[in-house]
Amino acid sequence: MTDRQTRKTAFIDAAGWGQARVAPLAGDASNRRYDRLTAPDGTTAVLMDAPPDRGEDIRPFTAIARHLQDCGLTAPAILAEDADNGFLLLEDLGDTLFARVLETDPNPEPQLYDAAIDVLVTLHAHEVPDVAPYDAPLMADLAALAFTKYRAGVLGEDDETLTQRFRDRFEDLLQPLSRAKPALALRDYHAENLIWLPERDGAARVGLLDFQDAMTCHPAYDIVSLLQDARRDVSPAIEHKMIARYIEATDHDSHAFHTAYALLGAQRNLRILGVFARLATDYGKPKYLHLIPRVWDHAMRDLDHPALAPIAELVHDSLPDPTPDTLAKLERP
């Protein structure tokens, strides 16, 4: 038994779950791992294993979880925690992820997305906690991963002058977004991280996962994350209806909000393009490459907005289309 396993077993025992059956749950793109614990009486809980020596820290997760709960939203209750060793025991919200529900039956899509928008309306009505801002310089730098990881991974070279030109132009475009009242952006707000809990009421019907990277940002950010989902197609009708639902509920200016939505959509999708490429080239995780064409389509649609004109031609001319041959170049031999 490894030292990590010994500490994990000790944590489970100390939390009173020593007799539980342990079964792995699907992980994510990080170094965190998850197990479902099932007690002899059938009660379940979820164990998060986030090794500090691999850059993980559970404290942002616990802080945001408690903030969400204070807002009347459904984040998993924290049953036990060990920040020094990176273990959390959490309430098990079940397996009814939006993505799984809609794979089985697409008919509830409007109801589920209505509820997801209502969560953001509720969240954005509260003061933001003390977290870092997702500001224009950082957003531009992360969007540049499309050049330093995707483009460079495909072409085998990194053009630093080109990347800096993109960075500078995009930062200028994103800068005005900082004038809007900031909201807490969970930043991974999509169908694989939302759990449908129809037995609960109002916005609490949506269980929230994977929010430890939350920052402050323009309120359109999580709406982009939800509606321009890298992992599933959201119908254009739902996308338009949900944006309108949020604007009506929050009294945002429609033109300004749609502009912010396009800017943040381009930023998020270009960043994801680079992240998925990096996972393949640097970490030997090619399983996300098949998602790149959808991400690409989202980014190209965002770049059609007039507000993106100063970078649109540069992106179109510089980034290779994600054809099968292009994506094959991102896989390790």
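For the structure, see preceding data.
Here's a quick rundown of the structure. (Residues numbered from 1 in each chain as written. Predicted model: local features only at pLDDT ≥ 70, side-chain atom pairs only at ≥ 80, totals over all residues. Heavy atoms only, no water.)

1. Focus on helix H6 (residues 145-155)
Basically, it comes down to this: Accessibility here uses a 1.4 Å probe with only protein chains present; expressed as a share of the type maximum, an area under 20% marks a residue as buried, one over 50% as exposed, and anything in between as partly exposed. We count a stretch as a helix when DSSP gives it H or I for four or more residues in a row; a strand needs E for two or more, and each element gets its number in order from the N terminus. Contacts were defined at the residue level, with two residues in contact if any of their heavy atoms lie within 4.5 Å.
Within the span of H6, buried status applies to Leu145, Ala146, Phe147, Tyr150, Arg151, Ala152 and Val154. The elements touched by buried residues of H6 are helix H5 (136-143), helix H7 (160-174), helix H10 (254-283), helix H11 (292-303), helix H12 (309-318) and helix H13 (324-328). Count one or two residues on from H6 and you reach glycine 156, which has phi positive near 80°.

2. As for the side chain of aspartate 92
Rules: Polar contacts, as counted here, are pairs of nitrogen or oxygen atoms within 3.5 Å of one another; within protein the pair requires one atom able to donate a hydrogen and one able to accept it, and residues that are adjacent in sequence qualify only if both atoms are side-chain atoms.
Position of aspartate 92 among the secondary structure elements: in the loop between strand E5 (87-91) and helix H3 (98-104). Classification of aspartate 92 as buried rests on a relative accessible area of 19%. A polar contact is formed between the side chain of aspartate 92 and the side chain of arginine 36, at a distance of 2.7 Å.

3. A closer look at the sheet that holds E5
Just so we agree on the cut-off: A pair of strands is considered paired only if DSSP assigns at least 2 bridges between the two. Between N-to-C directions, angles cover 0 to 180 degrees, with each direction set by a line fitted to C-alpha atoms, over the stretch in contact for helices.
If you trace the 5 strands from one edge of the open sheet to the other, you get E1-E2-E3-E5-E4, paired in antiparallel fashion. For this open sheet the edge positions go to strand E1 (21-25) and strand E4 (78-82), each flanked by a neighbour on one side alone. Taking each pair of neighbouring strands and ignoring which way they run, the sheet shows an average axis angle of 20°. Each of E1, strand E2 (33-38), strand E3 (44-49), E4 and E5 touches helix H1 (residues 3-14); the most contacted strand, E5, lies at about 40° to it. On the sheet, helix H2 (residues 59-70) packs against E3, E4 and E5 and is oriented at approximately 155° with respect to E4.

4. With respect to the packing of H7 against H12
Short version of the rule: Oblique is the label for every angle not falling under 35 degrees (roughly parallel), over 145 degrees (roughly antiparallel), or within 65 to 115 degrees (roughly perpendicular). Two helices that cross are described as forming a left-handed crossing if the nearer one is turned anticlockwise from the farther one by less than a right angle, and a right-handed crossing if clockwise.
Packing of H7 against H12 brings their axes to within 9 Å, and their N-to-C directions diverge by 150°. Taken together, the axes of H7 and H12 are roughly antiparallel relative to one another. Seen from above, H7 lies across H12 with left-handed handedness. Facing Leu162, Arg165, Phe166, Arg169, Phe170 and Leu173 of H7, the residues of H12 in contact are Pro310, Ile311, Leu314, Val315 and Ser318.

5. Remarks on the packing of aromatic side chains
The line we're drawing: Centres within 6.5 Å are what make two rings of Phe, Tyr or Trp a pair, Trp counting through its six-membered ring; a difference in plane orientation under 30 degrees is then read as stacked, over 60 as edge-to-face, and the rest as tilted.
In the structure shown here, the tally under the stated rule is 10 aromatic pairs. Aromatic side chains tyrosine 150 and tryptophan 296 sit 6.3 Å apart centroid to centroid with 45° between the ring planes, which places their arrangement in the tilted category. Here the residue tyrosine 150 occupies a position in helix H6, and tryptophan 296 occupies one in helix H11, the gap between them amounting to 146 residues. Of the residues examined, tyrosine 150 reaches a relative accessible area of 0% and is grouped as buried. Judged by relative accessible area, which is 9%, tryptophan 296 ranks as buried. Aromatic side chains phenylalanine 276 and tyrosine 288 sit 5.3 Å apart centroid to centroid with 20° between the ring planes, which places their arrangement in the stacked category.

6. As for the environment of leucine 145
In this structure, leucine 145 sits in helix H6. A residue is classified by how much of its surface remains accessible, and leucine 145, at 11% relative accessible area, is buried. Note: C-alpha distance between leucine 145 and isoleucine 58 (87 residues apart in sequence) is 26 Å. Sequence-distant contacts of leucine 145, that is, excluding residues within four places in its chain, are made with Tyr150, Arg271, Gly274, Val275 and Arg278.

7. So, the nonpolar core
The test is simple: Here, nonpolar core means buried Ala, Val, Leu, Ile, Met, Phe, Trp, Tyr and Cys residues that are tied together by side-chain atoms lying within 4.5 Å of each other.
Among the nonpolar cores identified, the biggest contains 103 residues, and Tyr113, Tyr150, Phe166, Phe170, Leu186, Leu208 and Phe276 are the most heavily contacted of them. Counting residues per element, this core draws most heavily on H10, which supplies 15 residues. Beyond its immediate stretch of four places on either side in the chain, tyrosine 113 contacts Leu102, Ala191, Leu226, Leu227, Arg232, Val234, Ile238 and Met242. Counting 11 residues, the second-largest nonpolar core is a separate cluster that includes Phe11, Ala20, Leu47 and Phe87.

That is the geometry; function is a separate question.
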